[in-house]
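Spelled out from the first residue to the last, the chains are:
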Amino acid sequence: MRALTWHGRHDVRVETVPDPEIVNPHDAILRVTSTAICGSDLHLYDGYIPGMRAGDILGHEFMGEVVETGPLSTLHKGDRVVVPFPIACGDCFFCKKQQFSCCDNTNPAETSDATETMYGYPMSGVFGYSHLTGGYAGGQAEYVRVPFSNVGPIVVPDHLEDDKVLFLSDILPTGWMAAENCEIEPGDTVAVWGCGPVGLFAIQSALIMGAHRVIAIDHYPTRLALAKELGAEILDYREVDVREALAEMTGGIGPDAVIDAVGLEAHGISIDNIADQVKSMAFLVTDRAHAFREAVLSVRKGGRVSVPGVYGGFADKFPVGAFMEKGLTMKTGQTHVQRYLKPLLDLIEQGKVDTTFLISHHAPLEQAADMYKHWHDDQNQFTKIVLKTEIAVPKAEQQEVQHELA
Ligand SMILES: NC(=O)c1ccc[n+]([C@@H]2O[C@H](COP(=O)([O-])OP(=O)(O)OC[C@H]3O[C@@H](n4cnc5c(N)ncnc54)[C@H](O)[C@@H]3O)[C@@H](O)[C@H]2O)c1
Ligand SMILES: [Zn+2]
Ligand SMILES: [Zn+2]
């Protein structure tokens, strides 16, 4: 089959690789129909996540049709399913608490040892996300093996096309959990750093959950415009001092809750971010936490900090004094996607959440390497890329895709 494989920093290739096979009784094999490139994939592309090996198949946002099942899978051939990015057993202490991305059973010992050393405890398995999370082949491919197919995937109705349900795999629940972690009360103002797909879905979710105002921060005009269309007030961090502007907009108090939807690759020419860049080159820090710091310093006293943005290792100058003295609460984590699938599918069916507004480009899987480059180099034009596998896209439609890209 054809699949997008990682070979090093800024080197991904579509190659022919062996087809996946059923390995365990709970497995299913999917013929992938749609798969998306995520902001988290950029961290792999930029070489920030350790534990990648040449030839690893990327992709953790995907959906498709079941073509083969193990004896203990609860899926059936022909089912159309969306698959959550964290792999969870459904049965361990954490899964029983619905903390699926903390599952204790899906990251084999030889790989989980590394995360155990780094974090104290091993992480769950994740599709296409390095050998730190189990080394599972991802779904930016024609076929993918889905372990624990009896726990994760949700069967989606045929009348909802791929673009409407694909993002249940990650960014829609991620934006939702980010807003939920803000514990929004009526009248609240929520500030969101980053208007990528995660930030945009967090903005939409916060408004659905009753936030009175949402203030969105980024610098890409296209992404800020999408945030504005959703109903957010917007700040371009190149034009204003974000902390001052937020204080001014909230009567000198600060937002009630803040969301860092940027993560470890914050941009910006602030002194702290330049120091991070220099230190990361010298391997003194791994993560550039500018947005995180700014969020902690901007939020009101007694406010809530929600961090969906991914951090991998160590960051410098965490304002622990502000965090403690202001009496803040922080919630974060890889999303417990399985927890949100059914309620969010219901909202999609009822037309209450829009999942398609942020898609800027469709492209065949064959062009995935080019699409990674665009996603990396031109985030203003490329707000979200959905890849279609060649076998699933009729020739005529593919020509349309090419046309759209030209
Ligand atoms: N927790 C989870 O389960 C989960 C799931 C998916 C993605 N993520 C993470 O969420 C983050 C966002 O994902 P995405 O797909 O939206 O990524 P993205 O790269 O498309 O978007 C990030 C946005 O942040 C903006 N940004 C950078 N520096 C900024 C700053 N200083 N202030 C304000 N905005 C700034 C960028 O301009 C960009 O628009 C990433 O770190 C990703 O890894 C986490
Ligand atoms: Zn993702
Ligand atoms: Zn588990």
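For the structure, check the block above.
Now for a quick tour of the structure. Fair warning: this is a prediction, and the values are worked out from it, not measured in the lab.

**Let's talk about the side chain of Lys-384**
Right, on to step 1. As for its position among the elements, Lys-384 is in the loop between helix 13 (368-377) and strand 18 (385-388).
Right, on to step 2. Within the structure, Lys-384 has its side chain in polar contact with the side chain of Glu-61 (distance 2.9 Å).

**Things to note about the pattern of salt bridges**
Right, on to step 1. Per the counting criterion, the structure on display carries 17 salt bridges.
Right, on to step 2. Salt-bridge contacts for Arg-13 lead to Asp-11; the nearest nitrogen and oxygen are separated by 2.8 Å.
Right, on to step 3. A relative accessible area of 36% places Arg-13 in the partly exposed class.
Right, on to step 4. What makes Asp-11 partly exposed here is its relative accessible area of 24%.
Right, on to step 5. Notably, a salt bridge pairs Arg-238 with Asp-236, separated by 3.4 Å at the nearest N-O pair.
Right, on to step 6. The exposure class of Arg-238 is exposed, given its relative accessible area of 55%.
Right, on to step 7. Note on Asp-236: relative accessible area 13%, which makes it buried.

**Here's the deal with the sheet that holds strand 13 (residues 233-236)**
Right, on to step 1. Reading across the sheet, the six strands line up as 13-12-11-14-15-16 and stay open at both edges, with parallel pairing between neighbours. The open sheet terminates on both sides in strands that have one partner only, identified here as strand 13 and strand 16 (329-332). Each adjacent strand pair in this sheet contributes to an overall mean axis angle of 20°, direction not counted.
Right, on to step 2. Pairing geometry for strand 11 (residues 189-193) and strand 14 (residues 257-260), over four bridges, is parallel. Within the sheet, the bridge partner assigned to Trp-193 lies in strand 14 and is Asp-260.
Right, on to step 3. Against the sheet, helix 6 (residues 197-208) contacts strand 11, strand 12 (213-218) and strand 14, and its axis sits at roughly 170° relative to strand 12.
Right, on to step 4. Helix-sheet contacts for helix 8 (residues 242-249) involve strand 11, strand 12 and strand 13, and the interaxial angle to strand 12 is about 165°.

**Things to note about the coordination of the zinc ion (ligand 2)**
Right, on to step 1. Surrounding the zinc ion (ligand 2) are the protein donor atoms Cys-38 (SG), His-60 (NE2), Glu-61 (OE) and Asp-170 (OD), which sit 1.8 to 2.3 Å from the metal.
Right, on to step 2. Between the four donor atoms coordinating the zinc ion (ligand 2), the angles at the centre fall across 88 to 132°, so the site counts as tetrahedral.
Right, on to step 3. On the primary sequence, the residues serving as donors to the zinc ion (ligand 2) are separated as C-x21-H-E-x108-D. With His-60 in the loop between strand 4 (56-57) and strand 5 (61-69) and Asp-170 in the loop between helix 4 (162-165) and helix 5 (171-180), this residue pair connects regions lying 110 residues apart in the sequence. The burial state of His-60 is the same as that of Asp-170; both residues are buried.

**Focus on the nonpolar core**
Right, on to step 1. Counting residues in each nonpolar core, the largest one holds 73 residues, and the members touching the most others are Phe-167, Leu-168, Val-190 and Ile-203.
Right, on to step 2. When residues no more than four places from it in sequence are discounted, the contact partners of Leu-168 are Val-82, Pro-173, Val-337, Leu-341, Leu-344, Leu-345 and Ile-348.

**Thoughts on the environment of Ile-253**
Right, on to step 1. The topology assignment puts Ile-253 in the loop between helix 8 and strand 14.
Right, on to step 2. We classify Ile-253 as exposed; its relative accessible area is 57%.
Right, on to step 3. Ile-253 sits 99 residues away from Ile-154 along the chain, and the two C-alpha atoms are 43 Å apart.
Right, on to step 4. Once you skip the residues sitting within four places of it in the chain, Ile-253 turns out to touch Ala-247 and Arg-300.

**Topic: the sheet that holds strand 4**
Right, on to step 1. Spatially, three strands are ordered 2-1-4 in an open sheet, and the strand pairing comes out antiparallel. Looking at strand neighbours, the two that pair on one side only are strand 2 (11-16) and strand 4, the edges of this open sheet.
Right, on to step 2. Summarising the sheet, strand 1 (residues 2-8) and strand 4 pair through two bridges and their orientation is antiparallel. In the strand pairing of strand 4, Thr-5 is matched with Ile-57.
Right, on to step 3. Running at roughly 160° to strand 2, helix 13 makes contact with strand 1 and strand 2 of the sheet.

**Some words on the site of ligand 1**
Right, on to step 1. Not every one of the 33 residues close to ligand 1 is listed here, only the nearest: Ser-40, His-43, Asp-218, Arg-223 and Thr-335.
Right, on to step 2. Between Pro-197 and ligand 1, the recorded distance is 3.1 Å, taken from a backbone N or O atom to an oxygen atom.
Right, on to step 3. In isolation ligand 1 offers 860 Å² of accessible surface; the protein chains occlude 97% of this area.
Right, on to step 4. Broken down by element, the shell around ligand 1 gets its largest block of residues, four residues, from helix 1 (residues 39-45).

**Details of the coordination of the zinc ion (ligand 3)**
When a metal holds four donors in a tetrahedron, each ideal angle between them is 109.5 degrees; when it holds six in an octahedron, the ideal angles are 90 or 180 degrees.
Right, on to step 1. Protein coordination at the zinc ion (ligand 3) comes from Cys-89 (SG), Cys-92 (SG), Cys-95 (SG) and Cys-103 (SG), with a distance range of 2.3 to 2.4 Å.
Right, on to step 2. Viewed at the metal, the four donor atoms of the zinc ion (ligand 3) are separated by angles of 102 to 116°, and the geometry they form is tetrahedral.
Right, on to step 3. Each donor residue of the zinc ion (ligand 3) lies on one chain, and together they are spaced C-x2-C-x2-C-x7-C.
Right, on to step 4. Classification of Cys-89 by relative accessible area gives buried; the value is 7%.
Right, on to step 5. We classify Cys-92 as buried; its relative accessible area is 10%.

**Some points on the pairing of strand 17 (residues 361-364)**
Right, on to step 1. Here strand 17 shows no split at all, with His-361 and Ala-363 on one side and His-362 and Pro-364 on the other all buried.
Right, on to step 2. With four bridges joining them, strand 17 and strand 18 adopt parallel strand pairing. Looking at the pairing, His-361 lines up with Ile-385 of strand 18.
Right, on to step 3. Each parallel crossover has a hand, and for strand 17 linked through helix 13 to strand 18 it is right-handed.

Parameters and conventions
Residues numbered from 1 in each chain as written. Chains lettered and ligands numbered in written order. Predicted model: local features only at pLDDT ≥ 70, side-chain atom pairs only at ≥ 80, totals over all residues. Heavy atoms only, no water. Helix = DSSP H or I, 4+ residues; strand = E, 2+ residues; numbered from the N terminus. Polar contact = N/O pair within 3.5 Å; in protein donor to acceptor, adjacent residues only side chain to side chain. Salt bridge = Lys/Arg side-chain N within 4 Å of Asp/Glu carboxyl O. Buried < 20%, exposed > 50% of the residue type's maximum accessible area, 1.4 Å probe, protein only. Pairing = 2+ DSSP bridges. Axes fitted to C-alpha atoms, helices over the stretch in contact; angles between N-to-C directions. Contact = heavy atoms within 4.5 Å. Donors = N, O, S within 2.8 Å, 3.2 Å for Na, K, Ca; no water. Tetrahedral: all angles 85-135°; square planar, octahedral: opposite > 155°, others 65-115°. Core = buried A, V, L, I, M, F, W, Y, C linked by side-chain atoms within 4.5 Å. Near = heavy atom within 4 Å. Areas by Shrake-Rupley, 256 points an atom, 1.4 Å probe, with all protein chains shown as cover. Right-handed = clockwise from strand over helix to strand, strands pointing away.

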